[in-house]
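Single-letter residue listing:
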Amino acid sequence: KPALKIEQALNQFNSGKRDARIHISGNNELSKLGKLINQMFKEIKQNENALEEKEERLRATLDAVSDAIISINDKGIIETANPATEVLFKYRTEELIGKNVNMLMANPHQDKHDSYIQHHIRTGENKIIGKGRDIEARRKDGSIFPIHLSISEMRVDGELFFTGSIQDITDRKQLEKSLIEVNNQLLNSNISLHESAITDGLTGLFNRRHFDTQLDEELRRACRNREPVSLLLCDIDHFKQYNDTLGHQAGDNCLISVANLLKENFQRAGEFAARYGGEEFVVILPHMGNDQAVLRAEKLQQSIHNTNMPHTASTTADRVTVSIGIACYIPGKNDQQALE
């Protein structure tokens, strides 16, 4: 239920309900995850509001102050520059007139700008005229900053000129970067949520809920492909006595050790191990008949036996052992189930 609450809140938030929040009581992993996601919701909303405010202020500024406007001839030499250019690039107008405009550019455009112009004049190929783009510019102090550049072309008395309209987009780029970071955090939270929803918190194996879904899928696949599928149900012997004798912490460590052996023994493609509940574990073995499943079960029992985890309260052995039940489903010709 807590996982579903988180999933529902995420869906609501992603659909545009920015006031969606997660309410989970307690102090477990899911409640902590819910609080973390709530904080991310808040940060995303704050960043979106900040972005809107920044854009509104930027529009107001542009309404009040003209963009930097620079005109150059067909050699790339600056002919005119408006006062806003001085504010943006920190050069006085007289320091710019007669100089190559590439002094205001960052590489690679600085070194290639003259060849861009000559290529355009020679071929008529239009890559930038009338097309706004984001590039990096250079101020008088050498600092690099992002700009949006729009270029138009015109002829005056037979001479070719290019006019650039320039906007400083530093704030926009910083906000875009901030939103990307927050969105990445949300994506990572979604991944963590999905893993938490299908994983047993103690052992790291898949949980009972995901096992039920996976078993249904494997049975359907077995019917479609006319292939067998086997199931192992593993139960740690005398586990209650183990807990009563050594304590619940030791019991948890025992469960983790058995789970790790399950992971090691069932790594083939399609094999699926899960914690069924308490001291019970299940393994789905696709494409495998009963005889092969018995061999795999015996190998698992031997692996657990070889770890030699002491179990003094067991009436079966002096160490931890498991009992394993095996069922094999073989699809019939008419999709009728046959169990052995």
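For clarity, every value in this text was computed on a predicted model and none was experimentally measured. (Residues numbered from 1 in each chain as written. Predicted model: local features only at pLDDT ≥ 70, side-chain atom pairs only at ≥ 80, totals over all residues. Heavy atoms only, no water.)

(A) Fine view of the overall build of the protein. In terms of helices and strands, the protein carries 10 helices and 10 strands. Taken over the C-alpha trace, the protein has a radius of gyration of 34 Å; the compact-globule value for 340 residues is 20 Å, which it surpasses by more than 25%. With respect to the three principal axes, the spread of C-alpha positions in the protein is 105 × 50 × 40 Å. The buried share among the 340 residues of the protein stands at 38%. In the protein, the proportion of contacts linking residues at least 24 apart, taken out of those at least 6 apart, comes to 56%. Averaging the positions of the 42 positive and the 49 negative side-chain charges in the protein gives two centres separated by 1 Å. (Helix = DSSP H or I, 4+ residues; strand = E, 2+ residues; numbered from the N terminus. Rg over C-alpha atoms; globule rule 2.2 N^0.38 Å. Buried < 20%, exposed > 50% of the residue type's maximum accessible area, 1.4 Å probe, protein only. Contact = heavy atoms within 4.5 Å. Lys, Arg positive; Asp, Glu negative; His and termini not counted. Charge placed at Lys NZ, Arg CZ, Asp CG, Glu CD.)

(B) Expanded view of the pattern of salt bridges. The tally for this structure, following the rule as stated, stands at 17 salt bridges. Here Asp19 makes a salt bridge to Lys45, at a shortest N to O gap of 2.7 Å. One end of the pair, Asp19, is in the loop between α1 (2–14) and α2 (29–64); the other, Lys45, is in helix α2, and 26 residues separate them in sequence. On the basis of relative accessibility, which here comes to 59%, the residue Asp19 falls in the exposed class. Judged by relative accessible area, which is 28%, Lys45 ranks as partly exposed. Note that Arg139 and Asp168 form a salt bridge whose closest N and O atoms lie 3.3 Å from each other. Note that Arg139 is positioned in the loop between β3 (133–138) and β4 (144–156) and Asp168 in strand β5 (residues 159–168), a separation of 29 residues in sequence. Under the relative-accessibility criterion, Arg139 is labelled buried at 17%. (Salt bridge = Lys/Arg side-chain N within 4 Å of Asp/Glu carboxyl O.)

(C) Summary view of the packing of helix α9 (residues 248–265) against helix α10 (residues 290–307). At a minimum axis separation of 10 Å, α9 and α10 run at an interaxial angle of 135°. By the angle between their directions, the pair α9 and α10 is classed as oblique. Crossing geometry of α9 relative to α10 is assigned as right-handed. Facing α9, whose interface residues are Val258, Leu261, Leu262 and Asn265, α10 presents Arg296, Lys299, Leu300, Ser303, Ile304 and Thr307. Considered class by class, the residues forming the contact of α9 with α10 number five nonpolar, three polar and two charged. (Axes fitted to C-alpha atoms, helices over the stretch in contact; angles between N-to-C directions. Parallel < 35°, antiparallel > 145°, perpendicular 65-115°, else oblique. Left-handed = near helix turned anticlockwise from the far one by under 90°. Nonpolar A, V, L, I, M, F, W, Y, C, P; charged D, E, K, R; others polar.)

(D) Looking closely at the sheet that holds β3. If you trace the five strands from one edge of the open sheet to the other, you get β2-β1-β5-β4-β3, paired in antiparallel fashion. Each edge of the open sheet carries a strand with a single partner, namely β2 (78–81) and β3. Strand-to-strand, the axes of this sheet are offset by a mean angle of 35°, without reference to chain direction. Bridge count for β3 against β4 is six bridges, and the pairing is antiparallel. Considered in β4, the bridge of Glu136 is made with Pro146. (Pairing = 2+ DSSP bridges.)

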